[in-house]
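# Working through the structure, step by step
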Amino acid sequence: MSDRERVDAVLEHVAVLAFLYYPGIEAHDPGYSLAEDIEWCLVRLGDVSDTERERMGGLFARAITDPTATREELFTALAELDGVLTADGHE
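The sections below set out a description of the structure shown in this document. (Residues numbered from 1 in each chain as written. Predicted model: local features only at pLDDT ≥ 70, side-chain atom pairs only at ≥ 80, totals over all residues. Heavy atoms only, no water.)

## Concerning the overall build of the chain
Helix and strand counts for the chain come out as six helices and zero strands. When the helices and strands of the chain are read in sequence order from the N terminus, they spell out α-α-α-α-α-α. Split into buried and exposed, the 91 residues of the chain put 33% on the buried side. Look at the contacts in the chain between residues 6 or more apart in sequence, and 58% of them connect residues 24 or more apart. Surface exposure of the chain reaches about 5700 Å², of which carbon and sulfur atoms provide 53%. (Helix = DSSP H or I, 4+ residues; strand = E, 2+ residues; numbered from the N terminus. Buried < 20%, exposed > 50% of the residue type's maximum accessible area, 1.4 Å probe, protein only. Contact = heavy atoms within 4.5 Å. Areas by Shrake-Rupley, 256 points an atom, 1.4 Å probe, with all protein chains shown as cover.)

This is how it looks when you write it as structure tokens:
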């Protein structure tokens, strides 16, 4: 999987989860786990350092629960992580 495909897969996963998330979901669906959703997205990152994994996990959590406030930060972090912006000449 190329860097760009990996970024696209992660963004797709986060977007689906953000679309399905709503405040109070834990009360309505006792089986729901934000941590499991974050892990589902982290798997798509592949082999990254623990530091990056922790940073991206936090961004995923914020992007799922408040996508409007976090989407630009998440996209930028993913692009920097894989060098997508530099590789595509969009610095």
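## A few points about the side chain of D37
As for its placement among the helices and strands, D37 is situated in helix α3 (residues 34-45). Despite its burial, D37 remains without a salt bridge, the nearest opposite charge being carried by R44 at 12 Å. D37 has contacts with L17, Y32 and I64, leaving out every residue within four places of it along the chain. (Lys, Arg positive; Asp, Glu negative; His and termini not counted. Salt bridge = Lys/Arg side-chain N within 4 Å of Asp/Glu carboxyl O.)

## Focus: the environment of G57
As for its placement among the helices and strands, G57 is situated in helix α4 (residues 50-65). Among the residues examined, G57 registers a relative accessible area of 10% and is labelled buried. C-alpha of G57 to C-alpha of I38: the two residues are 19 residues apart in sequence and 6.0 Å apart in space.

## Here's the deal with the packing of helix α1 (residues 3-20) against α4
Angle between the axes and distance between the axes are the two parameters that describe a pair of packed helices. The contact between α1 and α4 brings their axes to 8 Å, and the two run at 45 degrees. As judged from the angle between their axes, α1 and α4 are oblique. The element α1 and its partner α4 pack so that their crossing is right-handed. Here α1 contributes V10, V14, L17 and A18 to the contact with α4, which in turn contributes F60, A63 and I64. Partitioned by chemical class, the residues of the contact of α1 with α4 number seven nonpolar, no polar and no charged. (Axes fitted to C-alpha atoms, helices over the stretch in contact; angles between N-to-C directions. Parallel < 35°, antiparallel > 145°, perpendicular 65-115°, else oblique. Left-handed = near helix turned anticlockwise from the far one by under 90°. Nonpolar A, V, L, I, M, F, W, Y, C, P; charged D, E, K, R; others polar.)

## Some thoughts on α3
Across its twelve residues, α3 extends 17 Å between first and last C-alpha, which sits within 8% of the 16 Å expected from 1.5 Å per residue. Taken together, the buried positions of α3 are occupied by D37, I38, C41, L42 and L45. Take α3 and look down its axis: the buried residues cluster within an arc of 140 degrees, on one side only. (Expected span 1.5 Å × (residues − 1). Arc of directions from axis to C-beta.)

Just geometry here; none of it tells us what the structure is for.
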